[in-house]
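These are the residues of each chain, in order.
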Amino acid sequence: MKAASGGTRKPVCFASWSFRCCVVCNSRLACPSGMVLTRLRAGPGRSVAKRVCGVVLDHFDAQYFRELGAAWAAARDVLTSPSCWQYAVLLNRFNYPFDLEEDLHLKGYRTILQRSLPHCPESLKCYLSSTPGRMPSERHQVGNLKKYYLLNAASLLPVLALEPKDGEKVLDLCAAPGGKSIALLQCAYPGYLHCNECDGLRLRWLRQTLESFIPQPLVNVIKVSELDGREVGDAQPETFDKVLVDAPCSNDRSWLFSSESQKAACRISQRRNLPVLQIELLRSAIKALRPGGFLVYSTCTLSKAENQDVISEVLNTHSNVVPVDIEDMARTCSQDFTFAPTGQECGLLVIPDKGKAWGPIC
């Protein structure tokens, strides 16, 4: 969505995605830059197998076969098979791991996005392997910057759709655990970055992530707050050049492995309330956006109700908002990602597929 300057209309660059919380959970293993890359495996007597929650899977089958048709079958196979999952390695330009980068090349890793997206900054270096598996995460150490961040590669697309530039004022409205804020800072040096998270536990996670990747001089231009995102727009109207709304959602990957059926059933019953929250967050974000600014909305669910329907509602009720066509991104990134039709030129839906296990993100 893009905001029009000098008028009452607020065309804002609206990009819809599908995959919010697919940031990889950190494993408590250190990986110095010079060590040989390894895959996480179960030790003797241990198992890393996850159990799919039947209650959630039955619910997803009923909904996503209806919404996605045959595409759901391939996505289902990937989502229910953690051994197929892939993890990208985002290098930290503030503590660049040259030895690690050389090792990645030797192991057959390759960069993504830079060749396919003309506006992808050279400072953003993300590597992936064609085979499933993941590197160990680095341990948080006060005073030491981490060299890389593990993530689902599709989570970079909302950041790149935002097209951050040096000197801009940027709002990450639902910022925890911090992966997209870190990616944004690999792309540009904002004049001001406001990272907001309303949940206290997730806020601590966000602070630790920023502390682990960002040098002190840059920390001075970052504000971290614990505000209700629905109130930020009224508190800071027409303030930001760019706004990212990586909204709370039903997080398909995580929900499929709910450990308790009763808790899973409760989540499903509450799922219908999420679009209301997502719309309220978007309306707040629009208020916080200056005329001529850009906004990107993203989730980590395949749900039409939380993606296309949310965007349609906002576009239908905000005459000052203009959608921006981002379909070209799907065409140029099809080598690395599988996209499902959304029926909206301003929206993309990344679905997990064999050999391209990224997403969901919309």
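Conventions we followed
Residues numbered from 1 in each chain as written. Predicted model: local features only at pLDDT ≥ 70, side-chain atom pairs only at ≥ 80, totals over all residues. Heavy atoms only, no water. Axes fitted to C-alpha atoms, helices over the stretch in contact; angles between N-to-C directions. Helix = DSSP H or I, 4+ residues; strand = E, 2+ residues; numbered from the N terminus. Parallel < 35°, antiparallel > 145°, perpendicular 65-115°, else oblique. Left-handed = near helix turned anticlockwise from the far one by under 90°. Contact = heavy atoms within 4.5 Å. Nonpolar A, V, L, I, M, F, W, Y, C, P; charged D, E, K, R; others polar. Core = buried A, V, L, I, M, F, W, Y, C linked by side-chain atoms within 4.5 Å. Buried < 20%, exposed > 50% of the residue type's maximum accessible area, 1.4 Å probe, protein only. Arc of directions from axis to C-beta. Salt bridge = Lys/Arg side-chain N within 4 Å of Asp/Glu carboxyl O. Phe/Tyr/Trp six-rings, centres within 6.5 Å; stacked < 30°, edge-to-face > 60°. Lys NZ or Arg CZ within 6 Å of the ring centre and 35° of its normal.

Peer 1: How would you summarise the packing of helix α11 (residues 274–288) against helix α12 (residues 308–317) if you had to cite specific residues and measurements?
Peer 2: At their nearest, the axes of α11 and α12 sit 10 Å apart, and the two run at 45° to each other. One finds that α11 runs oblique with respect to α12. Read as a crossing pair, α11 and α12 show a hand that is right-handed. For the pair α11 and α12, the contacting residues are P275, Q278, I279, L282, R283 and I286 in the first and V310, E313, V314 and T317 in the second. Residues of the contact of α11 with α12, tallied by class, amount to 6 nonpolar, 2 polar and 2 charged.

Peer 1: Report on the environment of K146, specifying residues and quantitative values.
Peer 2: Note on placement: K146 falls in the loop between β4 (126–128) and β5 (148–151). Along the backbone, K146 and I214 are 68 residues apart, and their C-alpha atoms lie at a distance of 8.8 Å.

Peer 1: Give a detailed account of the nonpolar core, specifying residues and quantitative values.
Peer 2: Of all hydrophobic cores here, the largest spans 48 residues; its most connected members are L90, L113, L160, I214, M329 and F337. For this core, the element with the most residues is helix α4 (residues 156–162), which contributes 6 residues. Those residues in contact with I214 that lie beyond four places of it in its chain are F94, L145, I182, L185, V219 and I222. Among the nonpolar cores identified, the runner-up in size contains 23 residues, and W85, A264, L302 and C362 belong to it.

Peer 1: Can you break down the environment of H105 residue by residue, with the values?
Peer 2: Examined against the element boundaries, H105 turns out to sit in helix α3 (residues 98–106). Under the relative-accessibility criterion, H105 is labelled partly exposed at 48%.

Peer 1: Can you lay out helix α2 (residues 71–79) for me, pointing to particular residues and giving the numbers?
Peer 2: Restricting attention to buried positions, one finds in α2 the residues W72, A75, V78 and L79. The arc that holds the buried residues of α2, viewed along the axis, is 125°, so those residues lie on one side. The inward-facing, buried residues of α2 abut α1 (54–68) and α9 (252–255).

Peer 1: Explain the pattern of salt bridges residue by residue, including any values.
Peer 2: This structure, assessed with the given rule, holds 16 salt bridges. Residue D234 pairs with K287 through a salt bridge whose shortest N-O separation is 3.2 Å. Here D234 is found in helix α8 (residues 229–235), whereas its partner K287 is found in helix α11, with 53 residues between them in sequence. Residue class for K287 comes out partly exposed when judged on its relative accessible area of 41%. Here E306 makes a salt bridge to R271, at a shortest N to O gap of 3.5 Å. Separated by 35 residues along the polypeptide, E306 in the loop between β10 (289–298) and α12 and R271 in the loop between α10 (261–270) and α11 bring together distant segments of the chain.

Peer 1: So what about the packing of aromatic side chains? Which residues, and what values?
Peer 2: Evaluated as defined, the whole model comprises 9 aromatic pairs. Each ring, one from F94 and one from Y189, has its centre 6.1 Å from the other, and the planes form 70°; the classification is edge-to-face. One end of the pair, F94, is in the loop between β2 (88–91) and α3; the other, Y189, is in the loop between α5 (179–187) and β7 (192–196), and 95 residues separate them in sequence. Using a relative accessible area of 17% as the deciding quantity, one classes F94 as buried. Over the ring of Y189 we find R93; its NZ or CZ atom is 4.1 Å from the centre of that ring.

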